[in-house]
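Observations on the three-dimensional arrangement
Take a look at the letters that make up each chain.
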Amino acid sequence: MASEGGERKPECLLFDLDGTLYLDSDGYVGHCRARAGEYLAKKLGMTKEEAEEKRKLALKTSNQTVKGLRALGYEIDDVEFVTYMRDGVE
């Protein structure tokens, strides 16, 4: 798409937030993983260790935590999950 001045401007920007753009060392991925485990422990009545194992299995199952949890038979509100997981990240 060209602007009036003839410059090309992007029509769409796409960001992939699965750890591709963020180094583990910046803390973002670790924060999200820890919060995901906390959410699952509270929501599913598991220990944090059980929840972490379930999170890993869900991710391995479908390459997306919520999609994997649903495939494993859990009802998870994706908006609630992602909001909780990212809370506290600046």
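Because the structure is a prediction, the values reported are computed rather than measured.

Some words on the pattern of salt bridges
Counting across every chain of the model gives 5 salt bridges. For the salt bridge of Glu-80 with Lys-43, the shortest nitrogen-to-oxygen distance reads 3.1 Å. Of this pair, Glu-80 sits in helix 4 (residues 78-86) while Lys-43 is found in helix 1 (residues 28-44), placing the two residues 37 residues apart along the sequence. Its relative accessible area of 45% is what places Lys-43 among the partly exposed residues. Residue Glu-52 pairs with Arg-55 through a salt bridge whose shortest N-O separation is 2.6 Å. Of this pair, Glu-52 and Arg-55 are both found in helix 2 (residues 48-62), 3 residues apart, which corresponds to roughly one turn of the helix. Assessed through its relative accessible area of 23%, Glu-52 is described here as partly exposed. Judged by its relative accessible area of 7%, Arg-55 falls in the buried class. Each of Arg-35, Glu-38 and Asp-87 takes part in salt bridges that share partners, so that together they form one network.

Structural notes on the packing of helix 1 against helix 4
Their axes nearest at 7 Å, the elements helix 1 and helix 4 cross at an angle of 130 degrees. With respect to their mutual orientation, helix 1 and helix 4 come out oblique. The crossing of helix 1 and helix 4 is right-handed. Judged by residue contacts, Tyr-28, His-31, Cys-32, Arg-35, Ala-36, Glu-38, Tyr-39, Leu-40, Lys-42 and Lys-43 of helix 1 engage Glu-80, Phe-81, Tyr-84, Met-85 and Arg-86 from helix 4. Class assignment for the residues of the contact of helix 1 with helix 4 results in 8 nonpolar, 1 polar and 6 charged.

Cut-offs applied
Residues numbered from 1 in each chain as written. Predicted model: local features only at pLDDT ≥ 70, side-chain atom pairs only at ≥ 80, totals over all residues. Heavy atoms only, no water. Salt bridge = Lys/Arg side-chain N within 4 Å of Asp/Glu carboxyl O. Helix = DSSP H or I, 4+ residues; strand = E, 2+ residues; numbered from the N terminus. Buried < 20%, exposed > 50% of the residue type's maximum accessible area, 1.4 Å probe, protein only. Axes fitted to C-alpha atoms, helices over the stretch in contact; angles between N-to-C directions. Parallel < 35°, antiparallel > 145°, perpendicular 65-115°, else oblique. Left-handed = near helix turned anticlockwise from the far one by under 90°. Contact = heavy atoms within 4.5 Å. Nonpolar A, V, L, I, M, F, W, Y, C, P; charged D, E, K, R; others polar.

None of the figures reported here should be taken as evidence of function without further support.
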